[in-house]
Amino acid sequence: EPRLETERLGRNYHFHTSLPSSNITAKELARQGAPEGTVVLTEEQTAGRGRLGRGWYSPPGLGIYMSLILRPRIPLGQTPQVTLLASVALCKALEAVTPVRPQIKWPNDILVNGKKLCGILTELNAEMEAVNYLVVGIGINLNQQPADFPGDVANVATSAAIAGGEPVDRIRFLTTLLSFFEADYDHWLQKGFSQLREEWLARAAGIGTTVRIISGKQEWLGQAEGIDTDGALLVRNEDGELQRLISGEVSLRPE
Ligand code: ATP
């Protein structure tokens, strides 16, 4: 049996066989004062969510659907870095436990061969310009086969088992993920974003390519050039100006 090797993450642990959404439960626990590192894990989500009101399909037993409560003492402007941190930790866990070589699509998706393996939904609660808590929701497809995805999701989704050709031990994946996450989180709190930025860029999808930026009703094309020292995406528009995009409401499409 793989064992949890972290000091804080996952030491306070809530397991459910079924939840509407692990993020909703985690936010409720955070409001009640649950400590940093609290993990909510569920075998399935009946109303799993992605960004911007989209759904996250979360069938029982095949993936990992979890939410992590964090209470970093950081300025609000640094909170988007947590999603990038989660992406890097997820990639490292996949690289350690599976044959899959994932890529990160800014801001919140992990892809293999252009298909979505994993999504991250970070939600923020702040009081008076200070972070009160963050809930980092992670949905990852581990042991799904193509027939396990409904039609609309099947076109965009993959799993570690599909991409890697072998099943994944979910407990081993989870303990490995929490170890990488804790190490990267502690490094980030102590030393800042710069190492994480390098690790992120080494796995980034779509940098150097033309992308379509969708932000509310606005759409435009640009050249993705990288991320800056805060984690904002740098995109050069058709007038040659460099734009800084913050993750909040922005979606990216390859062009
Ligand atoms: P986009 O990736 O299109 O820019 P987004 O990053 O905002 O959008 P997310 O919120 O990360 O999207 O994910 C929601 C979308 O992911 C859904 O609209 C659906 O297409 C797809 N999806 C839903 N469930 C899964 C799943 N289990 N695995 C992979 N993709 C899924």
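Cut-offs used in this document
- Residues numbered from 1 in each chain as written.
- Predicted model: local features only at pLDDT ≥ 70, side-chain atom pairs only at ≥ 80, totals over all residues.
- Heavy atoms only, no water.
- Domains from an automatic or database assignment.
- Contact = heavy atoms within 4.5 Å.
- Buried area = accessible area lost by both parts, 1.4 Å probe.
- Salt bridge = Lys/Arg side-chain N within 4 Å of Asp/Glu carboxyl O.
- Helix = DSSP H or I, 4+ residues; strand = E, 2+ residues; numbered from the N terminus.
- Expected span 1.5 Å × (residues − 1).
- Buried < 20%, exposed > 50% of the residue type's maximum accessible area, 1.4 Å probe, protein only.
- Near = heavy atom within 4 Å.
- Polar contact = N/O pair within 3.5 Å; in protein donor to acceptor, adjacent residues only side chain to side chain.
- Areas by Shrake-Rupley, 256 points an atom, 1.4 Å probe, with all protein chains shown as cover.
- Nonpolar A, V, L, I, M, F, W, Y, C, P; charged D, E, K, R; others polar.

### Some words on the domain arrangement of the protein chain
On domain assignment, one finds that the protein chain holds domain 1 (13-201) and domain 2 (210-254). Centre-to-centre separation of domain 1 and domain 2, based on C-alpha positions: 23 Å. At the interface, 13 residues of domain 1 touch 16 residues of domain 2. Between domain 1 and domain 2, the buried area comes to about 1,300 Å², and carbon and sulfur atoms account for 59% of it. Along the contact surface separating domain 1 from domain 2 lie zero salt bridges. If you list the elements that add at least two residues to the side of domain 1 that touches domain 2, you get helix H2 (80-97) and helix H6 (194-201).

### Points about H2
Between its first and last C-alpha, H2 extends 27 Å over 18 residues, near the 26 Å set by a 1.5 Å rise per residue. Burial analysis of H2 places 15 of its 18 residues in the buried class, the great majority of the element.

### Focus: the site of the ligand
Residues in close proximity to the ligand total 16 residues, the closest being Arg51, Arg54, Tyr57, Asp109 and Asn141. Take Asn141: an N or O atom from its side chain is 2.8 Å from a nitrogen atom of the ligand. In the complex, the protein chains occlude 87% of the 640 Å² of accessible area that the ligand would expose alone. A breakdown of the residues in the shell around the ligand according to their chemical character gives five nonpolar, five polar and six charged.

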